[in-house]
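# Chains, contacts and geometry: an overview
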Protein chains: 2
Amino acid sequence: MPFSGKCLAISGGVGGAKLALGLSRILAPEQLTVIANTGDDFIHLGLAISPDLDTVMYTLADVDNKEVGWGQSGESWNFLEALERLGGETWFRLGDRDLATHIFRTQKYLGGSSLSEITRELCLTLGVRQKLAPMTDDKVSTVVNTRDGKTLSFQHYFVRDHCEPVVAGFEFTGIGNASMSEEFSRAITDPALEIVVICPSNPFVSVAPVLRLPGVQDSIMERNVPVVAVSPIIAGQAIKGPAAKMMRELGKPQTASAVAEYYVSEFRGLLTGFVIDSQDENQTGAIRALGLETIVTNTLMLTLQDRIDLADQVLAFTGPRGGTQ
Amino acid sequence: MPFSGKCLAISGGVGGAKLALGLSRILAPEQLTVIANTGDDFIHLGLAISPDLDTVMYTLADVDNKEVGWGQSGESWNFLEALERLGGETWFRLGDRDLATHIFRTQKYLGGSSLSEITRELCLTLGVRQKLAPMTDDKVSTVVNTRDGKTLSFQHYFVRDHCEPVVAGFEFTGIGNASMSEEFSRAITDPALEIVVICPSNPFVSVAPVLRLPGVQDSIMERNVPVVAVSPIIAGQAIKGPAAKMMRELGKPQTASAVAEYYVSEFRGLLTGFVIDSQDENQTGAIRALGLETIVTNTLMLTLQDRIDLADQVLAFTGPRGGTQ
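Residues numbered from 1 in each chain as written. Chains lettered and ligands numbered in written order. Predicted model: local features only at pLDDT ≥ 70, side-chain atom pairs only at ≥ 80, totals over all residues. Heavy atoms only, no water.

## Quick notes on the relation of the copies chain B and chain A
If you rotate chain B by 180° and push it 0.0 Å along the axis, it lands on chain A with an RMSD of 0.0 Å. The superposition of one copy onto the other is thereby described by a two-fold rotation axis. Across chain B, the rotation axis passes nearest the C-alpha of B:Asp96, at a separation of 3.0 Å. When the interface residues of chain B are mapped onto chain A, 100% of them again fall at the interface, so both copies present the same face. (Least-squares fit on C-alpha atoms with pLDDT ≥ 70 in both. Contact = heavy atoms within 4.5 Å.)

Rendered as structure tokens:
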């Protein structure tokens, strides 16, 4: 039976955007809401930048750069080249096309629009018909605490310093006073909601800030629908980004089941299902022992069909608190 | 005898930049100060834009777009194309490379730097060794009053509306409280100053705001050096821009001598010399009758050599209050 309810997907950047794309190819636009992490958002060169939101938006709009996984396709770098000549900061790679998004957003911000409103407007002009919204319209900033006692803003850690510093933990400045965005709250309380999907994004810095927003866990659990996470770790490696490196530095095994353990211990009672890659089949028992229903499938999304197939598998977790066993 | 003193050139955009380039090829860098009009400056898309200053800077740095006369060479337009897709304002043509200048400047502004300081920094990185400075670090905004009673900001008139509205006059908002920039004041009072050159820029909207800054005319006249203007009108036409159209709409003949008359009546006693094109030789008498020494030469600067030759002719006005007769 095809999935006929609504799906709420929680996403970081690249990996999350891939699954969101898969979901968008199966579901009718009104069935899918994607909520993106905004803990990575920052002001750079005076511009308001929302990396995860943009990655998902560009992906759903099919203007994403399929080689690097961020930014736009057919991108040029003349702005950055000129800025370099002027001695400006060029560590954050802003493409010429991508700049339009940031300048547009910054202007709208200064004009008093919320990030939700701006995102809605951007999606409309880019032809994204699914609902895509920031996790919050308040300012939440992911901060990386390093083992040598330093504090780095996320983009400094992630892009400028190439994830080289050894991490000791993370903080989400402002999260205590932040409220989930209206779209987020609406998606959770929508009577038609049938599943919450936690995309294969970084658990520590992409998913955690979304789930730690005040009220998010409780209001999702009240709905009694399956909450399914897809492991971002396959065969001990993160497909993209520093998730595996972070796990090592945090003293965790770099395994899919350690991700499941993290979710279960940090967000008690929230998750009902977990999706792992066929290469990690030997971990099924450990994950089931955590009380999670488990699906073993191909989670390495190389092609569009891979994305669609994974989305299909994820949506199989239907029915109250999960339908497969 | 070669010109060994210092030259202060007052410039608008394209035409002025051409002569400034010619002067820069004759004079040692320390002999030349170029002061650019900033009445056209405006905030667009949240960016601080200084069109005349940039045109002169790009020209002196040899990164100017020689086809269109503004912006940078080898420019691309991907930002603007993407912004258009987003429904942003695209009437002001910001190239991808050019954007770096505006973003750099805006950031420095917000950090508390003055336009003079920012210009100095930009010139340093772009390899401009001459002194180039804004007329003022205060906000002065050229406003166009139209015959049908409207008020337009200069760039709306000039770029967005393609100079189509019929002009009735101009105002320079803020000029009464503005001070000339330090570099401007230093150039005027420099004991080595031997000539002030008013470049072939638009008399009404490029030159007038510079000369109308409090104290400019008096302090120049105190120096008793030749003040030489080059006509921007050749054979009844402006080489670029709306000068001739404005003259018609203001009820003036579209002639070089009418430009001279405008300067003499508006800035009494300031000008000592006037340079006109060979095609306008028949106006020599009328201009001399205004009390101005006159040079007739080729003022149409098509080639670099034309720019150098014209600069040579202009510098021939040496000696107290002009040396040729």
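The rest of the description comes next.
## What about the environment of B:Asp218?
Within the secondary structure, B:Asp218 is located in helix H9 (residues 216-222). Note: C-alpha distance between B:Asp218 and B:Asp277 (59 residues apart in sequence) is 29 Å. (Helix = DSSP H or I, 4+ residues; strand = E, 2+ residues; numbered from the N terminus.)

## Regarding the nonpolar core
Nonpolar side chains in soluble globular proteins tend to be buried together. Of all hydrophobic cores here, the largest spans 111 residues; its most connected members are A:Leu19, A:Phe79, B:Leu19 and B:Phe79. With sequence-adjacent residues up to four places away left out, B:Leu19 is seen in contact with B:Val197, B:Cys199, B:Pro200, B:Val230, B:Met301, B:Arg307, B:Leu310, B:Ala311 and B:Val314. (Core = buried A, V, L, I, M, F, W, Y, C linked by side-chain atoms within 4.5 Å. Buried < 20%, exposed > 50% of the residue type's maximum accessible area, 1.4 Å probe, protein only.)

## Comments concerning the interface of chain B and chain A
Each side of the interface is counted separately: chain B has 25 residues, and chain A has 25 residues. The interface formed by chain B and chain A contains two salt bridges. One can count seven residue pairs in polar contact (both at pLDDT 80 or more) joining chain B with chain A. Elements supplying a minimum of two residues to the side of chain B that touches chain A: helix H3 (78-85), helix H4 (96-110) and helix H5 (115-126) of chain B. If you tally residues by element for the side of chain B that touches chain A, the top one is H4(B), at eight residues. Residues that form the side of chain B that touches chain A fall into these classes: 13 nonpolar, eight polar and four charged. (Salt bridge = Lys/Arg side-chain N within 4 Å of Asp/Glu carboxyl O. Polar contact = N/O pair within 3.5 Å; in protein donor to acceptor, adjacent residues only side chain to side chain. Nonpolar A, V, L, I, M, F, W, Y, C, P; charged D, E, K, R; others polar.)

## Considering the side chain of A:Ser181
Mapped onto the secondary structure, A:Ser181 falls in the loop between strand E8 (167-173) and helix H7 (182-189). Beyond its immediate sequence surroundings of up to four residues, A:Ser181 is in contact with A:Ile35, A:Ser116, A:Ala133, A:Pro134, A:Met135, A:Thr136 and A:Asp137.

## Thoughts on the sheet that holds E8(A)
Paired through their backbone hydrogen bonds, the strands of a sheet run either parallel or antiparallel. Residues and elements named next belong to chain A. The antiparallel open sheet is built from three strands, whose spatial order is E7-E6-E8. Pairing within the sheet leaves two strands with one partner each, and these edge strands are strand E7 (151-153) and E8. When strand polarity is set aside, the average angle formed by the axes of neighbouring strands in this sheet is 30°. Across six bridges, strand E6 (residues 141-146) lies against E8 in antiparallel orientation. Directly across from Thr-146, in E8, lies its bridge partner Val-167. Set on the sheet, helix H8 (residues 203-211) makes contact with E6 and E8; between it and E8 the angle comes to about 30°. (Pairing = 2+ DSSP bridges. Axes fitted to C-alpha atoms, helices over the stretch in contact; angles between N-to-C directions.)

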